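The chain contents come next:
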Amino acid sequence: MSKYAELFATESRDHLTAMEHALLELESAPADRSALDALFRSVHTLKGMGGAMGYGTVSTLSHAMESLLDRVRSGQESLTPPSIETLLQATDALASAVAASTTGRESALDISTLLTRLAVPAAPAQGTTRVLQIVLDPGTPLPGARAQLIVGRLARVAEIVRVEPDVAGMESAQFTGEFTVQLRSAEAIEVLGDAARAAGFVSSLVEVVPRDEVRQTPLSVDATWNTGDLQAPLQKYVRIESRRLDGLMDLVGELVTMRDRLQVVASRHGDPALDEAVAKAGRLIGELQDGVIGSRLVPVWQVFDRFPRVVREAARAAGKEAVLVVEGREIELDRSLLEQVADPLVHLLRNAVDHGIEPADARVRGGKAVEGRVLLMARRERNSVVVVVADDGRGVDRQRVLAKARRLGWVTDDTEMLSDDEVLRIIARPGFSTAEQVSEVSGRGVGIDAVLAKVRGLGGAVEFSSVEGKGTVFQLRLPVTLAIIPAIIAQVGAESYALPLTHISETVQPAAGALRRVQGRPVFVLRGQVLPLYSLRALVGAAGRDPEGQQIVIVEATDRRAAVLVDRLVGQQDIVVKSFDLVRGMSAGFSGAAILPDGTAALILDAGGLL
Amino acid sequence: MSRQLLVVSVAETLYALPSELVREITTLPSQVTRLPGAEPSIRGLINVRGQLFPVMDLCHRLRGVPGNEAVDVLVVVSDGKTLGLLVDDVRDVIPMDEPAASVTAPDEADTSVVRGVGHSGEMVVIELDVPKLVRSSLA
């Protein structure tokens, strides 16, 4: 069984169980709206899932069930015992269809009888014996007489077969106000109910299924459902509430911190046996950490599979032709990260259709295929996942971007050429849009700036390149997980700060003369390249003066690099990222904090924000 | 209506906070991480069993001078945000009526976060507006 088929089978089972529950609830309380809604949701979800997987029987059957439920929800039809029975049988059939579909035996099923029964409003045939259970309001005066009055009203619309208790029983002092009426009628339950209620003092009235009768008239389709199909095969996937995974992740984070602390303490004792035990425990904790991180990973298709529709609709709205090509659907990302990156991706995809892909006639003139192509691709690169959004459209018109940037005073007048990096910086500035008119699709005030901010906030980076006439490429570099990241710990004075490794290209011991000033600004010259130089001491407003022997960390993001001067580098370690409630006035550029092995908190310097 | 208030002392003045907003009482750890750019009354970030939150020196906030003797931290939660309040001493939990909102303490440097003055028996206490205090400090 393929991975998708397994996932489908697992998820379907939950819905089938929910459907069964809801149906059984409806059986005893046909007017229970929440049970009806729950049933409808599950059927609807199964229909969608079955359709997406290409399982014809599943989607056809659930569609027929959905139609019936639709009629009930809109009040055209009410749920009668026979229709509930049909729905129960359809649920069983659906379970078989799921089992058969996921193992490739779908064609063996015949659901035609069920489909007919689901399609026809379930009116009981003339003369069917039905049973009504009626309860009088508590404290009804002369309950026996009232009950007989109700039976009399019912007799006007139905043929009364039997009443339980009988007249004597109703008039006795033991009569509780509960009685059943067996009658023959083809009327809808509402008609019978109205007739009974006309007599007054009816607290509740329900139609009960005469169990034996239903069993006597099995559907012909029943024979084809082998009970073996209903037995759940051993599940390969288990659904876990995400809150539990988050809790585990927190605990593992604490454990990782504790491991580092333990190593520090143990190293003071110089006991080889202790060192060995600590090292072993450390390895196990590392494996546990990998395992927990792994359990939070989900394939990107869980979000990517929504996007073909996004592109299709964006194209339709823009009057263009475009198709989305998805690659690397199997690549895995932390689930919370994947959820958070969905919005930026939607924006980039709409942007590609809206500003990238040309109208069909322009594409033909340019010698391109009529249909524009938008590529969405995920791939693994060392400790990160790269998501690419590329289009084969017109590319960015650099001259126009340059002209606009000049007009807005964002570049100096003598700027003649814009690099990819500069273009990104300009189009990412809030308020920039070269679109002549704000389009319905992507020009809604959220721009590339929002995309950049979001991705950076997740500890990622955005790269951009565009060739005029050929297309535009956005690359999102994301960490695989948010919770634990490798970082370098740097100090100024007695304070420690964590610098995530994703943004560090190297660390250097500056040679004499490498620190200079150019046009009054401090710079660091690294192998002939002049980089802006920041002092961590100044950035964090720490007291004290720069000591001798300071070190330099080269940080990079989106093709930009900078040198950061620190007093000391303590070392590299995995840090557990913790958020905290930010204090007003606090310097920007800190994306959270990490707990160090000694239990203190170190702020995490956000290199993306710094640059 | 009578409510449960936690009474603390800050610079020899008694202050009260609704006890349902106080999640726990802990002591100030030896290590506090300074938060660059934060107002002076914010001591910094502390780690309490793996959870990080900023701590405010209540004496500094209310009187404008650092409360150097203070070691007790009340962890208050308001609007889902967590803030530590550094106080000299935690006294008692008392029932108290709604404070007289018009009366303000005479020698307060900052009265914007004072809800009013009330009393329980002989004791006169200043009730703090904790949600306002948290809002004014946390982004």
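Just above sits the structure.
Model, not experiment: these values are computed from the prediction. (Residues numbered from 1 in each chain as written. Chains lettered and ligands numbered in written order. Predicted model: local features only at pLDDT ≥ 70, side-chain atom pairs only at ≥ 80, totals over all residues. Heavy atoms only, no water.)

Q: Explain the sheet that holds strand 10 (residues 461-467) of chain A here, please?
A: Note on sheets: strands pair through backbone hydrogen bonds, and any given pair is parallel or antiparallel. Residue and element names in this part refer to chain A. Reading across the sheet, the 5 strands line up as 6-8-9-11-10 and stay open at both edges, with mixed pairing between neighbours. The sheet is open, and its two edges are formed by strand 6 (322-327) and strand 10, each paired on a single side. Strand-to-strand, the axes of this sheet are offset by a mean angle of 15°, without reference to chain direction. Alignment of strand 8 (residues 372-381) against strand 9 (residues 384-391), held across 8 bridges, turns out to be antiparallel. Paired with Met377 across the two strands is Val388, which belongs to strand 9. (Pairing = 2+ DSSP bridges. Helix = DSSP H or I, 4+ residues; strand = E, 2+ residues; numbered from the N terminus. Axes fitted to C-alpha atoms, helices over the stretch in contact; angles between N-to-C directions.)

Q: What is the right way to look at unusual backbone geometry in this model?
A: The general pattern is negative phi for most residues beyond glycine and trans for most peptide bonds. Omega for the bond connecting Glu164 of chain A with Pro165 of chain A falls within 30 degrees of zero, at -5°, which places this linkage in the cis form. You can see Pro165 of chain A is positioned in the loop between strand 2 (159-164) and helix 7 (167-171). Here Ala11 of chain B, not a glycine, exhibits a phi torsion of approximately 50°, which is positive. Mapped onto the elements, Ala11 of chain B comes out in the loop between strand 1 (3-10) and strand 2 (13-18). For Ala11 of chain B, a relative accessible area of 29% gives the class partly exposed. (Buried < 20%, exposed > 50% of the residue type's maximum accessible area, 1.4 Å probe, protein only.)

Q: What's the story with the nonpolar core in this structure? I'm lost.
A: Here is a general trend for soluble globular proteins: nonpolar side chains tend to be buried in one another's company. Membership of the largest hydrophobic core comes to 54 residues, with the highest contact counts inside it found for Phe304, Phe307, Leu345, Val387, Ile427, Phe474 and Leu476 of chain A. By residue number, the principal contributor to this core is helix 15 (residues 335-356) of chain A, which donates 10 residues. Among residues more than four places away in sequence, those in contact with Leu476 of chain A are Val341, Leu345, Leu348, Val385, Val386, Val387, Val455, Ala461 and Val462 of chain A. Met586 of chain A together with Leu35, Leu62 and Val76 of chain B belong to the second-largest nonpolar core, a separate cluster that totals 53 residues. (Core = buried A, V, L, I, M, F, W, Y, C linked by side-chain atoms within 4.5 Å. Contact = heavy atoms within 4.5 Å.)

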